[in-house]
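Given next are the chains, with one letter for each unit.
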Amino acid sequence: MNPPLKPPLKLGIAGLGTVGAGTLQLLDRQADVIAARAGRRIIVAAVSARDRRRDRGVDLSAVRWYDDAAVLAADPEIDVVVELIGGADGIALTVVETALAHNKHVVTANKALMARHGTRLAEMAEAAGVALAFEASVAGGIPVIKTLREGLSGNRFSRLYGILNGTCNYILTTMRESGREFGEVLAEAQKLGYAEADPSFDIDGVDAAHKLTILASVAFGRPVDFDGVYIEGIRHISRLDIDFAEELGYRIKLLGIARLTEDGLEQRVHPCMVKRDTPIAAVEGVFNAVVAEGDFVGRVVLQGRGAGAFPTASAVAADLVDIAAGRVVATFGVPGAALQPIAGAPMERHHGAYYIRLMVVDQPGVIAEIAAALRDQSVSMESMIQRGRAPGEAVPIVLTTHVTVEASMRRALEAIGRLDTVLEAPRMIRIEDF
Ligand SMILES: NC(=O)c1ccc[n+]([C@@H]2O[C@H](COP(=O)([O-])OP(=O)(O)OC[C@H]3O[C@@H](n4cnc5c(N)ncnc54)[C@H](OP(=O)(O)O)[C@@H]3O)[C@@H](O)[C@H]2O)c1
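Predicted model, so just to flag it, every value in this text is computed and none were measured.

**Regarding the sheet that holds strand β2 (residues 40-48)**
Next, step 1: If you trace the six strands from one edge of the open sheet to the other, you get β3-β2-β1-β4-β5-β6, paired in parallel fashion. Each edge of the open sheet carries a strand with a single partner, namely β3 (64-66) and β6 (132-133).
Next, step 2: The pairing of β2 with β3 spans three bridges and is parallel. From the neighbouring strand, Val 47 faces β3, where its bridge partner is Trp 65.

Below is the structure:
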């Protein structure tokens, strides 16, 4: 005979959209396997959303409904509040604060909230002796938080990077495969539901920066510092750059990178050129990946679906099973008092190689002027491609540099941009050495 199960864990789920409805379905269909792993059943006792009549794919007739999610968060019958509404502030923040103030465990998929308020909320959870679990907030179904915080807890990390936004990766992959320009591919992604009607959070790098902020706190044991992230999106990536990247042996990826340097911790999100034979270059379409470099383990690569109802529900469920089984760990891996601020390294001090593309008038002396501008800032060129010959007309010139300091690179680009023979603002993409 199996031992009797403990009393069920009772959930209140606030938000029944993509992730909320996916979570309801998972909890329904996987109820037995979850109960076996958690040692008790996990049941949905209450829910809240805006529209009570909308079909959520499971029968909610026996479940308490709240019009006000903040009231749900204080329901004395509930053990865990699952926040799946979204947004850094407003109702989502109120729900989480209310739940913690009532000593309830919280599970959330909300990266914006965690990136902005994670440190303070973690302190509230710690004081209440409850879990604040957020696996679903980074890279959807990939168990990256648990891997970094628990599976790799014997390591110090030097660098952590990843493809953290599936929309951007889909757009960049499709641009390369189809030969189409950014705007056209974005419109198609919106039609297919891979990009939001307002895509700016994704394509301007903000969403990836939220996730990077969270990863950097888990990996480096520091308070969340979203404002310290350097952010550049993918709007300016053109078909031409993607073709040149191929020719040079690179792929263009939007990466989030956290790296310890002599100047402090770099946190940056921007398009990168990565060598075509690296694991990260092979991550295509809507897939996400995270690479962690630990001093004892070496390089660990995690890859999978970074969004969507079921992958994200998978991460929510993992947090719930931990809580049901009594596995409550410090939110960011260490108690709040042990989180150590690390100074942010300014982007101007970043050391790296660069890809530069210029549109120039094809006339004698142009290359010499560009070379002089680089020399004046001690930037050394590694390679140069001049495409086609069209005397008197615009032609692209692409060059790559050896490792240099970002401030010098920017000064050189300003000088190059001022040349009469240079027709457009120079395009610059950082080359990452993985
Ligand atoms: N979508 C993904 O693949 C994914 C992946 C990882 C993490 N996340 C995160 O998961 C969270 C939810 O995302 P989602 O894509 O599931 O969003 P969504 O589809 O827009 O769903 C949001 C839900 O919140 C409800 N809601 C909105 N305002 C509310 C309020 N004032 N009170 C109660 N409920 C309210 C909505 O109600 P109605 O349905 O009645 O309108 C809806 O059910 C976000 O933090 C997001 O960043 C999403």
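**What to know about empty space enclosed by the protein**
Next, step 1: Under the definition given, this model contains three cavities of 30 Å³ or more.
Next, step 2: Roughly 60 Å³ of internal volume is contained in the largest cavity.
Next, step 3: In terms of residues, the lining of the largest cavity owes the most to one element, strand β9 (residues 250-261), which gives four residues.
Next, step 4: Of the pockets and cavities examined, the second largest cavity occupies roughly 40 Å³.
Next, step 5: Taken together, Phe 134, Glu 135, Ile 145, Lys 146, Arg 149, Ala 318, Asp 319 and Asp 322 make up the lining of the second largest cavity.
Next, step 6: Elements with a minimum of two residues in the lining of the second largest cavity: α6 (144-151) and α12 (309-324).

**Concerning the packing of helix α13 (residues 366-376) against helix α14 (residues 406-417)**
Next, step 1: Closest axis-to-axis distance for the α13/α14 pair is 8 Å, and the angle between their directions is 150°. Classified by the angle their axes make, α13 and α14 are roughly antiparallel. Handedness of the crossing formed by α13 with α14: right-handed. Judged by residue contacts, Ile 370, Ala 373 and Leu 374 of α13 engage Met 409, Ala 412, Ala 415 and Ile 416 from α14.

**Considerations on the side chain of Asp 202**
Next, step 1: Within the secondary structure, Asp 202 is located in helix α9 (residues 200-203).
Next, step 2: One buried charge, Asp 202, has no salt-bridge partner; the nearest side chain with opposite charge is Lys 211, at 6.0 Å.
Next, step 3: A polar contact is formed between the side chain of Asp 202 and the side chain of Asn 165, at a distance of 2.7 Å.
Next, step 4: Those residues in contact with Asp 202 that lie beyond four places of it in its chain are Asn 165, Thr 167, Cys 168, Glu 196 and Asp 207.

Here is what the cut-offs are and how they apply
- Residues numbered from 1 in each chain as written.
- Predicted model: local features only at pLDDT ≥ 70, side-chain atom pairs only at ≥ 80, totals over all residues.
- Heavy atoms only, no water.
- Pairing = 2+ DSSP bridges.
- Helix = DSSP H or I, 4+ residues; strand = E, 2+ residues; numbered from the N terminus.
- 1 Å grid on protein atoms, 1.4 Å probe; cavity = no way out; pocket = protein on both sides within 12 Å on 5 of 7 lines; lining within 4 Å.
- Points joined across faces, edges and corners; volume = space filled by probe spheres on them.
- Axes fitted to C-alpha atoms, helices over the stretch in contact; angles between N-to-C directions.
- Parallel < 35°, antiparallel > 145°, perpendicular 65-115°, else oblique.
- Left-handed = near helix turned anticlockwise from the far one by under 90°.
- Contact = heavy atoms within 4.5 Å.
- Buried < 20%, exposed > 50% of the residue type's maximum accessible area, 1.4 Å probe, protein only.
- Lys, Arg positive; Asp, Glu negative; His and termini not counted.
- Salt bridge = Lys/Arg side-chain N within 4 Å of Asp/Glu carboxyl O.
- Polar contact = N/O pair within 3.5 Å; in protein donor to acceptor, adjacent residues only side chain to side chain.

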